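So you can see what is in the structure, the chains are spelled out below.
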Amino acid sequence: MMTAPVQTQTVDLVARFPGVVAAETRPGYTGFVVEKEKLVEVATALRDEFGYDLLTAVTAVDYLPENKMEVVYHAYKTTGGPGLVFRVQVPRVDPVEVPSLIHVYPGVDLQEREAWDLMGIRFTGHPDLRRILMWEGYEGHPLRKDWKEPFYEEEAKPFKSRWPEGKHILAEERNPFNDNLKFPPNFDPEKWVPDNEESLYAALKRYTVESEDGMNTDRIVVNMGPHHPSTHGVFRAALTLDGETIVGLKPVVGYLHRNHDKIGERNTFLQNMPYTDRLDYFNSMSNNLAYAITVEKLMNIPVAERAEYIRVIMAELSRVQNHLIFIGMLLNDLGAMYTPALYAFEERELILDIFEEVSGARMMCNYLRFGGVVRDVSPAAMHKIKDLVFDRLPAKTDEMERLLAENEVLVARLKGVRVVDAETAVKYSVTGPVLRAAGVPYDIRRADPYSIYDRFDFDVAVRQNGDMYDNFMIRVDEIRQSLRILGQAVKQIPDGPINSQKPQYQVRVPAGEAYGRIESPKGELAFYVVSNGKPNPWRYHVRPASFVNITCLEQMCIGTKIQDFVALLGMLDIVMGELDR
Amino acid sequence: MYGKGILKGLGVTWRRFWSTYLEDISWLLSGKKRYFTEEGVRHRSSKHARGIFTVQYPEEKLIIPEEFRYVPFLVYDEGEGGKKEVRCTSCGICAKVCPPQCIWIVRSNDPNTGRPIPEPTEFYIDADICMNCGFCAEYCPFDAIKMDHDFEIASYGRNVYSLEKLLKPASYYASIRPENYAREEEARKAKEAAKAAKAAAKPAA
Amino acid sequence: MDNEKLSLPQYDIPEDIQNAVAITTLDRLYNWGRRSSVWPLMFGLACCAIEMIAAQASRYDMARFGMEVMRPTPRQADMMLVSGTVTKKMVPAIIRLYNQMPEPKYVVAMGACASGGGPFKEGYNVVAGIDKFLPVDVYIPGCPPTPQALIAGMIKLQEKIDRQSIKKVSWYNGKTKEDTNFVPIPILGPDLIDPRRSAEIKAAATVQEGA
């Protein structure tokens, strides 16, 4: 059933806070500018009076020419509808200080730490403002526009040394340290005292209780990762344990921080497309979609009709294989080594075959272009898609369910083990299947439709208990709903051109900002792009689902047993490429 | 009944186990070879795949689709007497569009006149930077750079490819991407015919 | 290994015992044993790790090469498959793992990132190739290498193992671990400090001041 189109509600913040809030006036920008001193008050009103309960993204932009810095907030309602942008502008003089919103929206915790780490914005009132992606002691805030990386060559690509000058020099040879290194002048490595992560352990220390019932008890600090077979990559968690019970947890991330934001600002708009493949490397098609939507918003161009269908087909196939792998890997984490994972990988391979046939690569598809897709889906590939969608995948989903869903050992392990409740999930900006398993029917495909999802008949999968079993089963439900969408899409797909634009490698993007978001298999994936009319984005920010979802990890884990930690982490379905960027 | 769910699951694995042998027998009865044949690999990559799923590389290889892309290579046409007519004109579009900037092109100058000639003296691709995105091949206006299908290129050292290593004949390109090659040749012939028609029309006018 | 591969061709074996007897050298036998049981470290860094898992899974099945026993502990592993982007923050952990691996040990750089920095080479937190720290045996280009390309790389590694001689290998020559393959662990400073290069770094930092 189609839902009624969501009414665009205009929030009159200016009238509610005269003199404090001003409407944004720059062309291409929307939202409100809030006075720094009243930020917390305005945010509280937004949450409590206007109903914007889900603060999805916090990021900063360095406007070097105007000599100011801006913190941008994107707030949404879990009941659906468009979002609201509000921002704070501060002069670019150190220390750059902005009040923290952590007591209004606890979900900003890690994102504010990221803005501190990469932009050097000090959030006053944040209880644990440490670097997050880089390490303590690292020199400088890399995303500031006047900060240059060690292999800095030019402000923006393409580099002249490639063409027309064309001299093959390794980047190392241009660096004074003959490597990807940059040290302050007169630095002496012998005298350097490493940080030893004292601040991390200090952050954990507040959970330490020395004495109980006259008996002295010690809390144990356990580091899991970054090399651990069940942390889905190079994730690390520092845990404080009381016996087997987790009493404190801090995620330590950044072990796969590949500087997407900085590289993205050197790239041209099109050059970012293959980089987005490498964010959530299970779902390159979804990443492409989110980025294409964002830039198309900025460029204000239509998408070819056939391409819209192809995009939906690819994104949903991607979701199916992601959830299958989720089930397989979760069972691996729980100790059912290999069998479910191997079964899941078979179906994934068949889906990847389709990706390979249409785009040329199994994982790094780089398939979407602004205005459409790169090449048409051949009739043979379409036939293969139909084979999978109508014949094979429904049967295999049933088989997967038959294999696992009633297994008494699995049910005993999963049922009743709390993951997260609805209230906490919304507070901590959790999105995706985890939020829906907790009973909040928030799916961006329905709540704030993008592409052509409003044309399809599907249900938003919801489960009520928010325990591990629901989190597991909701993936099966979502596979079924995706197959429903796929079935409609392959039947309805029209013939026609696959791109509304001419193929061009240098696109013209007018100045302005855009926030494009999609329901990726892991939650809300969004890009925040600021253009100043040049061929390269001024700001390119990824709002990854995994990174924001682990803000809640501490809340989820406290009070549970250590042996549930791996399963809980598995439930969030994190992927490090996206988490660390 | 407690244990019913486990039995149900075991039923799935049981069926999966036997289907390999059932499939083997049915192929045997129909007189076809299931292993080490293209037909067998195709069957195992289709919706009918049942039982064993493994493609035993290197004895068997997966069917590589035409659009598959690995590292790029440069196309040359075989001229008279085995002369390599490099299609590249060193226009630099591939180097400009390359996202990780892994292409270096040294342009050529005529030794006598000093004017640039449309052919590269040197062409470097750092395969240890290349992200196989395919932009260079997609935006090349001369069909001079294409993405290779050869993935068996592991080596004992770093991989910076020079012009010599990158050049491959057009016949090789035609063999790995027949449909693309045919389409491009047709477009090129149409273009040449139009040019010839224009040239023929000019003196008449 | 079947009989033809194991037997040396220069020895004539009577036909009636050909299926029972093989004449070979100790080297060949030793290398055959090692090449058929290369246990990788269960260790994934980034995108390439997913293709590594796919290569272990149903379709490619690295068990056919004796490489399915992924060991989570470095002490039981023979090969470190560096599958993905090596970041400065991660490299101390990787070196620690490498130092704990017993000889003989091999390092395979899977994909562009591990080989030379890859598309992220220009990033400030990226190590431009693991060979800046570890001796790499096989480089597999590709971003990411497909599972078949990975297996092709593994076959290349097996060929390398085949060529080693028990008389010359470094792990029997009586040297201690410290003077063979021990790599000092990098320190996270204002940037990544390689202890082997600290004098060089100091000199370059001083010159930088002068310039």
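The rules we used
Residues numbered from 1 in each chain as written. Chains lettered and ligands numbered in written order. Predicted model: local features only at pLDDT ≥ 70, side-chain atom pairs only at ≥ 80, totals over all residues. Heavy atoms only, no water. Helix = DSSP H or I, 4+ residues; strand = E, 2+ residues; numbered from the N terminus. Rg over C-alpha atoms; globule rule 2.2 N^0.38 Å. Areas by Shrake-Rupley, 256 points an atom, 1.4 Å probe, with all protein chains shown as cover. Lys, Arg positive; Asp, Glu negative; His and termini not counted. Charge placed at Lys NZ, Arg CZ, Asp CG, Glu CD. Expected span 1.5 Å × (residues − 1). Buried < 20%, exposed > 50% of the residue type's maximum accessible area, 1.4 Å probe, protein only. Salt bridge = Lys/Arg side-chain N within 4 Å of Asp/Glu carboxyl O. pLDDT = per-residue confidence, 0-100. Contact = heavy atoms within 4.5 Å. Buried area = accessible area lost by both parts, 1.4 Å probe. Polar contact = N/O pair within 3.5 Å; in protein donor to acceptor, adjacent residues only side chain to side chain. Nonpolar A, V, L, I, M, F, W, Y, C, P; charged D, E, K, R; others polar. Domains from an automatic or database assignment. Pairing = 2+ DSSP bridges. Phe/Tyr/Trp six-rings, centres within 6.5 Å; stacked < 30°, edge-to-face > 60°. Lys NZ or Arg CZ within 6 Å of the ring centre and 35° of its normal. Axes fitted to C-alpha atoms, helices over the stretch in contact; angles between N-to-C directions.

**What to know about the overall build of chain B**
And step 1. When its secondary structure is counted, chain B shows seven helices and seven strands.
And step 2. Along chain B, from the amino end to the carboxyl end, the secondary structure elements read α-α-β-β-α-β-β-α-β-β-α-β-α-α.
And step 3. Relative to a compact globule of 205 residues, whose C-alpha radius of gyration would be 17 Å, chain B shows 25 Å and is clearly more extended.
And step 4. Projected onto its principal axes, the C-alpha coordinates of chain B cover approximately 90 × 45 × 35 Å.
And step 5. Surface accessibility of chain B: about 11,000 Å² in total, with carbon and sulfur atoms responsible for 58%.
And step 6. Computed over 31 positive and 28 negative side-chain charges, the separation of the two mean positions in chain B equals 7 Å.

**Observations regarding helix H8 (residues 305–334) of chain A**
Residue and element names in this part refer to chain A.
And step 1. For H8, built from 30 residues, the straight-helix expectation of 44 Å at 1.5 Å per residue is met to within 8% by its first-to-last C-alpha distance of 44 Å.
And step 2. Counted residue by residue, H8 has 28 buried out of 30 residues, so it is predominantly covered.
And step 3. Two residues or fewer past H8, Gly 335 is found with a positive phi of approximately 110 degrees.

**A few points about the pattern of salt bridges**
And step 1. According to the stated counting rule, one finds 85 salt bridges over all chains in the structure shown.
And step 2. As a salt-bridge pair, Glu 296 of chain A and Arg 311 of chain A come within 2.7 Å of each other at their nearest N and O atoms. Highlighted residues: Glu 296 of chain A in helix H7 (residues 284–299) and Arg 311 of chain A in helix H8, separated in sequence by 15 residues. Summarising the burial analysis for this pair, Glu 296 of chain A and Arg 311 of chain A share the class buried.
And step 3. A salt bridge links Glu 152 of chain B to Lys 61 of chain B; its shortest N-O distance comes to 3.1 Å. In this pair, Glu 152 of chain B sits in the loop between strand S5 (145–147) and strand S6 (160–161) while Lys 61 of chain B sits in the loop between helix H2 (38–44) and strand S1 (72–78), placing the two residues 91 residues apart along the sequence.

**A few points about the confidence of the model for chain B**
And step 1. When pLDDT is averaged along chain B, the result is 88, and 99% of the positions lie at 70 or above.
And step 2. ipTM for the predicted complex: 0.91, alongside a pTM of 0.91.

**A short note on the interface of chain C and chain A**
And step 1. Opposite the 53 residues of chain C that make contact, chain A presents 66 residues.
And step 2. Together, the buried faces of chain C and chain A total about 5,500 Å²; carbon and sulfur atoms form 63% of this surface.
And step 3. In this assembly, chain C and chain A are joined by eight salt bridges.
And step 4. Across the pair Lys 121 of chain C and Glu 172 of chain A runs a salt bridge whose closest N-O atoms are separated by 3.2 Å.
And step 5. Linking chain C with chain A are 32 residue pairs in polar contact (both at pLDDT 80 or more), by the criterion used here.

**A look at the interface of chain C and chain B**
And step 1. The interface of chain C with chain B comprises 36 residues on the first partner and 29 residues on the second.
And step 2. It is Arg 59, Pro 141 and Gln 148 of chain C in chain C that bury the most area against chain B; as a group they hold 28% of the surface buried on that side.
And step 3. Connecting chain C to chain B are one salt bridge.
And step 4. Here Arg 158 of chain B and Asp 131 of chain C are joined by a salt bridge, their closest N and O atoms 3.2 Å apart.
And step 5. Where chain C meets chain B, there are twelve residue pairs in polar contact (both at pLDDT 80 or more).
And step 6. Elements supplying a minimum of two residues to the side of chain C that touches chain B: helix H5 (111–116), strand S3 (138–140) and helix H6 (147–163) of chain C.
And step 7. For the side of chain C that touches chain B, the element with the most residues is H6 of chain C, which contributes ten residues.
And step 8. When the residues that make up the side of chain C that touches chain B are grouped by side-chain class, the tally is 16 nonpolar, nine polar and eleven charged.

**Examining the domain arrangement of chain B**
And step 1. Per the domain assignment, the segments making up chain B are domain 1 (1–63) and domain 2 (70–199).
And step 2. Taken over C-alpha atoms, the centre of domain 1 of chain B sits 42 Å from the centre of domain 2 of chain B.

**Things to note about the environment of Ala 567 of chain A**
Residue and element names in this part refer to chain A.
And step 1. Here Ala 567 shows up in helix H18 (residues 562–572).
And step 2. Taking the relative accessible area as the measure of exposure, Ala 567 reaches 1% and is therefore buried.
And step 3. A C-alpha to C-alpha distance of 24 Å links Ala 567 and Lys 396, two positions 171 residues apart in sequence.
And step 4. Residue contacts for Ala 567: discarding those within four places in its chain leaves Leu 330, Leu 334, Arg 413 and Met 468.

**Some words on the sheet that holds S6 of chain B**
The strands that make up a sheet are held in pairs by hydrogen bonds between backbone atoms, and each pair lies either parallel or antiparallel.
And step 1. Spatially, the three strands line up as an open sheet ordered S3-S4-S6 (chain B), and their pairing is antiparallel. Bordering the open sheet on either side are strand S3 (103–109) and S6 of chain B, each of which pairs with just one other strand.

**Description of the packing of aromatic side chains**
And step 1. Per the stated rule, a full pass over the model turns up 29 aromatic pairs over all chains.
And step 2. Residues Phe 68 of chain B and Tyr 70 of chain B carry aromatic rings whose centres are separated by 6.1 Å and whose planes lie at 20 degrees to one another, so their mutual orientation is stacked.
And step 3. Owing to a relative accessible area of 3%, Phe 68 of chain B belongs among the buried residues under this scheme.
And step 4. Ring geometry for Tyr 173 of chain B and Tyr 181 of chain B: centres 5.7 Å apart, planes at 80 degrees, overall edge-to-face.
And step 5. For Tyr 173 of chain B, a relative accessible area of 0% puts it in the buried group.
And step 6. Grouped by ring-pair contacts, the aromatic residues Trp 135, Tyr 138 and Trp 147 of chain A together with Tyr 124 of chain C constitute a single cluster.
And step 7. The ring of Phe 458 of chain A carries the charged tip of Arg 446 of chain A above its face, separated from the ring centre by 4.4 Å.

**Overview of unusual backbone geometry**
Across residues other than glycine, the phi torsion is negative in most instances, and most of the peptide bonds are trans.
And step 1. Between Trp 163 of chain A and Pro 164 of chain A the backbone carries a cis peptide bond, its omega angle lying at 5 degrees.
And step 2. By the element assignment, Pro 164 of chain A lies in the loop between strand S7 (121–124) and helix H4 (198–205).
And step 3. Following Glu 103 of chain C, the chain continues into Pro 104 of chain C via a peptide bond in cis, with omega recorded as -10 degrees.
And step 4. The phi torsion at Phe 36 of chain B lies on the positive side, around 60 degrees, for a residue other than glycine.
And step 5. Along the chain, Phe 36 of chain B falls in the loop between helix H1 (4–29) and H2.

**What about the sheet that holds S3 of chain C?**
Residues and elements named next belong to chain C.
And step 1. The strand order S1-S2-S3 describes an open sheet built from three strands, whose pairing is parallel. Edge strands, defined here as strands with exactly one partner in the open sheet, are strand S1 (79–83) and S3. This sheet shows a mean twist of 15 degrees between the axes of neighbouring strands, independent of strand direction.
And step 2. Two elements, strand S2 (residues 106–110) and S3, share three bridges in a ladder whose sense is parallel. Each residue of the ladder has a partner; that of Ala 109, found in S3, is Tyr 139.

**Comments concerning the domain arrangement of chain A**
Interface size is commonly expressed as the accessible area that is lost once the parts come together.
Residue and element names in this part refer to chain A.
And step 1. Assigned domains within chain A: domain 1 (13–124), domain 2 (197–256 + 544–581) and domain 3 (260–543).
And step 2. Centre-to-centre separation of domain 1 and domain 3, based on C-alpha positions: 28 Å.
And step 3. Tallying the contact residues gives 32 residues for domain 1 and 23 residues for domain 3.
And step 4. Here domain 1 meets domain 3 over a buried area of about 2,100 Å², counting both sides, of which 59% is carbon and sulfur.
And step 5. Taken together, domain 1 and domain 3 are joined by one salt bridge.
And step 6. Here Arg 87 and Glu 513 are joined by a salt bridge, their closest N and O atoms 2.7 Å apart.

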